[in-house]
Amino acid sequence: MPVYAFVFPGQGSQSPGMGQDLADAFSSAREVFQEVDDALGEHLSKIIFEGPAESLTSTENAQPALMAVSMAVVRVLEREGGIDFSQRATLMAGHSLGEYSALAAARSFGIAQAARLLRLRGQAMQRAVPAGEGGMAALIGVTPEQAREVCAEAAIVKVEGEPERHEIIEIANDNGGGQIVVSGQIGAIDRAIVIAKEKGIKRAVKLPVSAAFHSSLMRPAAEEMAEALAQADIRAPIVPIVANVTAEKVTSPDTIRDLLVKQVTGTVRWRESVDAMVGMGIDHFVELGAGKVLSGLIRRIAPDAKTQSVGSVTDIDSFLQSF
């Protein structure tokens with residue numbers, strides 16, 4: 001019998017129109033989007049369904065929007081599909097903001113609270129580093145050790161006649177399949193791209209983001225989230241969560257609270273998380289929400305596992321037939 005983990009996408013999976021067919025087809029999905037709109041006091045669903053893309057891509061919108069689509073899928077599977085996740089899911093996990101979606105799906109907190117926390121998280125991350133001072137880059141065809149070497153070299157600022165100084169650049173995401181994202185001060189990011197090419201790394205490209213997510217530059221955002229999460233009502237999940245920053249199972253509300261704070265500045269250890277889930281017996285990964293990014297990463301990390309992306313009415317129909 002298949003052993004399932006349900007996983008939830010992070011930023012970058014968003015696109016205008018996502019979730020529209022779910023809202024059109026199912027009242028249970030419409031309820032989720034209405035709940036998010038009510039929690040935020042605005043029509044985020046209009047931006048989700050209609051764009052413009054620039055508004056949806058804005059961090060403060062993308063984070064709650066992606067959670068909303070994931071939870072719309074979850075609600076449809078529960079209500080219309082009759083799926084009891086507490087019985088059929090062995091583990092859940094999410095990539096960065098997707099961890100909030102996983103926790104909402106596992107009923108650690110409600111959809112409204114998840115929306116408010118993610119709106120604050122997006123705003124706090126954007127505030128933490130002035131525009132133009134931070135950035136991120138993806139290194140493709142690289143090992144973690146090579147990425148660490150690139151970061152160590154790129155951190156050094158050499159100006160003739162001046163003492164050597166250092167800038168911040170760190171591994172933000174270890175996505176697996178040779179894909180590692182680095183994050184930090186923009187000068188260090190620019191140097192990392194040059195150094196990576198000099199080292200013969202297959203590809204190094206700057207990402208279209210305006211902040212240095214998952215780096216120590218996000219410490220002010222982590223402090224804001226610590227305050228908000230201290231007030232949050234977090235319950236034990238009905239399914240264990242594999243946390244980004246530890247790549248280990250977590251069920252304690254206090255530990256979840258602590259790890260969500262650490263996640264703001266910590267590395268998203270996705271490769272290790274998938275390996276850990278496989279080690280715990282998972283042989284089927286089901287991505288719930290927008291896009292197919294995680295399914296693609298998982299196929300590279302665990303080629304023997306089965307993957308499925310469920311984000312549309314058609315996807316739900318085919319998933320329920322095979323489940």
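All of these numbers come straight from a predicted model, not from anything done at the bench. (Residues numbered from 1 in each chain as written. Predicted model: local features only at pLDDT ≥ 70, side-chain atom pairs only at ≥ 80, totals over all residues. Heavy atoms only, no water.)

Caption draft 1: Up close: the packing of aromatic side chains. Inspection of every chain in the model, using the stated rule, returns 8 aromatic pairs. Between the aromatic rings of Phe-6 and Phe-85, the centroid separation amounts to 5.0 Å while the plane-to-plane angle is 85 degrees, which identifies the pairing as edge-to-face. In this pair, Phe-6 is assigned in strand β1 (residues 4-8) and Phe-85 in helix α6 (residues 85-88), connecting sequence segments 79 residues apart. Here the aromatic rings of Phe-6 and Phe-319 are separated by 6.3 Å at their centres, their planes lie at 90 degrees, and the arrangement is edge-to-face. With Phe-6 in strand β1 and Phe-319 in helix α15 (residues 313-322), the pair connects residues that are 313 residues apart, well separated along the chain. (Phe/Tyr/Trp six-rings, centres within 6.5 Å; stacked < 30°, edge-to-face > 60°. Helix = DSSP H or I, 4+ residues; strand = E, 2+ residues; numbered from the N terminus.)

Caption draft 2: Looking closely at the nonpolar core. If you look at the biggest cluster of nonpolar residues, it comprises 84 residues, and the most contacted ones within it are Phe-6, Ile-48, Phe-85, Met-92, Phe-109, Met-218 and Leu-288. In terms of residue count, the dominant contributor to this core is helix α5 (residues 59-79) (11 residues). Apart from the residues within four sequence positions on either side, Phe-109 is in contact with Tyr-100, Leu-103, Ala-104, Ala-114, Leu-117, Asp-233, Ile-234, Arg-235 and Leu-260. By size, the runner-up hydrophobic cluster in this structure holds 20 residues, among which are Val-182, Ile-189, Ile-193 and Ala-196. (Core = buried A, V, L, I, M, F, W, Y, C linked by side-chain atoms within 4.5 Å. Buried < 20%, exposed > 50% of the residue type's maximum accessible area, 1.4 Å probe, protein only. Contact = heavy atoms within 4.5 Å.)

Caption draft 3: Fine view of the sheet that holds strand β8 (residues 203-206). Taken in spatial order, the 4 strands make up an open sheet running β6-β7-β3-β8, and their pairing is antiparallel. Each having just a single partner strand, β6 (169-176) and β8 make up the two edges of the open sheet. Along the sheet, successive strands turn relative to each other by an average axial angle of 20 degrees, direction set aside. Taken together, the 7 bridges between strand β3 (residues 134-140) and strand β7 (residues 179-185) define a ladder with antiparallel strand orientation. Bridge pairing in β7 links Gly-134 to Gln-185. Seen against the sheet, helix α9 (residues 144-154) touches β3, β6 and β7 and runs at an angle of roughly 160 degrees to β6. (Pairing = 2+ DSSP bridges. Axes fitted to C-alpha atoms, helices over the stretch in contact; angles between N-to-C directions.)

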